[in-house]
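Close look at the chain arrangement
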Amino acid sequence: MSGLDLVIRGARVTTAADVFVSDIGIAQGRIVALGQGLPAAAREIDAAGRVVTPGGVDAHCHLDQPMAPPVRMADDFDTGTRAAACGGTTTVIPFAAQVKGQSLRAAVADYHQRAEGKAHVDYAFHLIVSDPTPQVLEHELPALIREGYTSFKIYMTYDDLKLDDGQILDVLSVARAHGAMAMIHAENADCIEWLTRRLEAAGRTAPRFHAHARPMLVEREATHRAIALAELVDVPILIVHVSGREAVEQIRWGRAHGLPIYAETCPQYLFLTAADLGIDDSYQGARCVCSPPPRDAGNQQVIWDALVDGLFTVFSSDHAPFNYDAAEGKKPGGQEVAFRHIPNGLAGIETRMPLLYSEGVLGGRLTLEKFVELTATNPAKAYGLHPRKGSIAIGSDADLVVWDEREFVLSNAMLHHAVDHTPYEGHTLRAWPGLTLARGQVVWDGTQFHPRPGQGRFLPCGMPSLRPRKP
Ligand code: DUC
Ligand code: ZN
Ligand code: ZN
């Protein structure tokens, strides 16, 4: 007996560093052997000539996040992690969001309950800090960081979440003192409010005006301010969901000045444009209302270039799932509302990896190694899950994707989320996971989902490991 539970034979094993032909030996949910001619195992999978990557780490997604009634997210930890697995993602990091007035501990406890017994793949939590009281800054946050909640998101916009500059400095100081990773949503709230009022006064309230209320300038200004605040505190930050050229320029500026500024982008900034919010006043575009909004073809190209040249550290979905034709979704209370009231966000947890593999790798823009770095290895490093997650290495969890390369037209009927549409309906894809393994178990076989509710485990995070920690 070899002691192996499973061997994947002849794979084109792909890591962030290399592509090599190897068998992969798995025992007790971990990778225990890599090499050619591994001994026989209880179960064998023939992957001859097929690309095998680490399971994706979706480091920015929203699942069952409490919202102000009547709005409710369409995906919980059951349907959200089901969709993740079918799209090749085996670790998700959604957000335990503090409501103003609530303790961070209470937010974390509530979020654990939401995940408990439901998740099909492993998960960790980021925190959202919306009320940085002295108790939060001095006690709760440091204690939670020690317990494995080592990253948090700071909002510069949204009335119920945003922090002012002084509060941001306070929260960044905690990140610095305890080595946590601060993620920043960079949009200038006052500019958005001012523009929104003017648009409303002119009767311009259709979904497409969401993009007019959030032009690139408001993201550029906030991105620069976030970088300056981080410089003042002397702490790394990660700017999330970067949408176009002007924000990219600010990040390049920060990097050129030696500042440790990391950045994330998402499928909507590569595959959608503002035209998807509507070219007339039809309400259909509400499906693609998200913030920052998708821009134009020129900005898409800048985002592609920045993925290729290493400006971006991670590629996440920002899955924020709302049904379109629903009173708890994009039509709050059953009404077609003015754009300011449309829930922000779109579905993408299942399509994130296949879209990037199709257009990035098979479209000849990204190497396989870069694809793995952006979708799995770097997110695991940024949030303290590497090398357990995000790699194919001895000792790593056997979270693996065997890719099928075939062309097809995407439709929502193929997907496994609980959302009534996909923003990518009708897009031609060239690849989809033919097999997803989560800790050595088949969770998606290319046609069928294999449920394992509750077997997705909570992962306490270690410290970010993208760069050495300062002594
Ligand atoms: N923007 C966010 O910041 N979060 C969720 C969805 C969105 O559009
Ligand atoms: Zn955000
Ligand atoms: Zn988000």
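Along each chain, residues carry numbers from 1 onward, in the same order as the chain's sequence is written. Written order determines the labels here, with chains lettered from A and ligands numbered from 1. Reporting in this predicted model follows two pLDDT cut-offs: at least 70 for local features of residues, and 80 or more for side-chain atom pairs to be given and counted; totals over whole chains, interfaces and linings ignore these cut-offs and use all residues. Calculated side-chain values reflect all of the structure's heavy atoms, with hydrogen atoms and water omitted.

**Notes on the overall build of the protein chain**
- Secondary structure follows DSSP: runs of H or I at least 4 residues long count as helices, runs of E at least 2 residues long count as strands, and numbering of each begins at the N terminus. Scanning the protein chain from N- to C-terminus turns up twelve helices and 18 strands.
- Throughout, radius of gyration means the C-alpha value; the globule benchmark is 2.2 Å times the number of residues raised to the power 0.38. What you see for the protein chain is a C-alpha radius of gyration of 21 Å, in line with the 23 Å of a compact globule of 471 residues.
- In terms of its C-alpha atoms, the protein chain occupies a principal-axis envelope of roughly 75 × 50 × 45 Å.
- Burial classification: accessible surface area is computed with a 1.4 Å probe over protein chains only, and a residue below 20% of its type maximum counts as buried, one above 50% as exposed, and the rest as partly exposed. Expressed as a percentage of its 471 residues, the buried residues of the protein chain come to 61%.
- Contacts were defined at the residue level, with two residues in contact if any of their heavy atoms lie within 4.5 Å. Relative to all contacts within the protein chain whose residues are 6 or more apart in sequence, the contacts with residues 24 or more apart total 76%.
- Surface accessibility in these figures is a Shrake-Rupley result with a 1.4 Å probe; residues are shielded only by whichever protein chains are displayed. Summed over its atoms, the accessible surface of the protein chain is roughly 16800 Å², and 50% of this surface lies on carbon and sulfur atoms.
- Distance between charge centres in the protein chain, computed from 44 positive and 55 negative side chains, equals 2 Å. His residues and chain termini do not enter the charge count, which takes Lys and Arg as positive and Asp and Glu as negative. One atom stands in for each charge, and that atom is NZ of Lys, CZ of Arg, CG of Asp or CD of Glu.

**Some points on the sheet that holds strand S8 (residues 95–97)**
- If you trace the seven strands from one edge of the open sheet to the other, you get S8-S10-S11-S12-S13-S14-S15, paired in parallel fashion. Two strands lie at the open edges of the sheet, namely S8 and strand S15 (314–315), each paired on one side alone.
- The criterion for strand pairing is that DSSP finds at least two bridges linking the strands in question. For strand S12 (residues 181–185) and strand S13 (residues 237–239), the ladder comprises three bridges, and the chain directions are parallel. Pairing of Ala182 across the sheet is with Ile237, part of S13.
- Lying over the sheet, helix H4 (residues 165–178) contacts strand S11 (151–155), S12 and S13, oriented at roughly 170° with respect to S11. Orientation is described by lines fitted to C-alpha atoms, with helices fitted over the stretch in contact, and by angles between N-to-C directions that extend from 0 to 180 degrees.

**Here's the deal with the UniProt feature "domain: Amidohydrolase-related" (unreviewed entry) in the protein chain**
- UniProt positions are given in the numbering used here, feature names are shortened, and annotations may be inferred rather than shown by experiment. Residues annotated by UniProt as "domain: Amidohydrolase-related" (unreviewed entry) correspond here to residues 51–407.
- In this annotation, residues 51–407 is assigned 39% helix and 13% strand; the end-to-end C-alpha distance for the span is 16 Å.

**What to know about the nonpolar core**
- The nonpolar core is taken to be a set of buried Ala, Val, Leu, Ile, Met, Phe, Trp, Tyr and Cys residues, with the residues joined through side-chain atoms within 4.5 Å. Counting 108 residues, the largest nonpolar core has Phe152, Leu172 and Phe312 as its most contacted members.
- For this core, the element with the most residues is helix H7 (residues 216–233), which contributes seven residues.
- Ignoring sequence-local partners within four residues, the contact set of Phe312 consists of Val242, Val248, Ala263, Glu264, Thr265, Ile303, Ala306, Leu307 and Leu374.
- Membership of the second largest hydrophobic core comes to 21 residues, among which are Met181, Met183, Val240 and Cys461.

**Structural notes on the coordination of the zinc ion (ligand 3)**
- Coordination shells were defined by N, O and S atoms within 2.8 Å of each metal, extended to 3.2 Å for Na, K and Ca; water is absent from the atom set, which can make sites look incomplete. At 2.0 to 2.1 Å from the zinc ion (ligand 3) lie its protein donor atoms, namely His60 (NE2), His62 (NE2) and Asp318 (OD).
- Donor residues binding the zinc ion (ligand 3) come from one chain and are separated in sequence as H-x1-H-x255-D.
- Separating the zinc ion (ligand 3) from the zinc ion (ligand 2) is a gap of 3.8 Å. Each member of the pair, His60 as well as His62, carries the same accessibility label: buried.

**Regarding the environment of Leu277**
- You can see Leu277 is positioned in the loop between helix H9 (268–271) and helix H10 (297–308).
- Spatially, the C-alpha atom of Leu277 lies 4.7 Å from that of Arg208, the residues being 69 residues apart in sequence.
- For Leu277, the residues in contact, after removing those within four places along its chain, are Pro207, Arg208, His210, Ala211, Gly285, Cys288, Val289 and Pro294.

**Observations concerning the packing of helix H2 (residues 104–115) against helix H3 (residues 134–146)**
- Their axes nearest at 9 Å, the elements H2 and H3 cross at an angle of 30°. Contacts between H2 and H3 involve Leu104, Arg105 and Val108 from the former and Val136, Glu140, Leu141, Ala143 and Leu144 from the latter.
- For the contact of H2 with H3, the residue count by class is six nonpolar, no polar and two charged. Residues are grouped as follows: Ala, Val, Leu, Ile, Met, Phe, Trp, Tyr, Cys and Pro are nonpolar; Asp, Glu, Lys and Arg are charged; all remaining types, including Gly, are polar.

**Remarks on the pattern of salt bridges**
- Definition used for salt bridges: Asp or Glu carboxyl oxygen within 4 Å of a side-chain nitrogen of Lys or Arg. What the rule picks out here adds up to 30 salt bridges.
- A salt bridge links Asp23 to Arg9, with the shortest nitrogen-to-oxygen separation between them at 3.0 Å. Of this pair, Asp23 sits in strand S2 (residues 19–27) while Arg9 sits in strand S1 (residues 6–14), placing them 14 residues apart in sequence.
- Among the salt bridges present, the one from Lys389 reaches Asp397, with a minimum N-O distance of 2.8 Å. Note on accessibility: Lys389 and Asp397 belong to one class, buried.
- If you follow the salt bridges from partner to partner, you end up with Arg30, Asp122, Arg388, Lys389, Asp397, Asp399 and Arg439 in one network.

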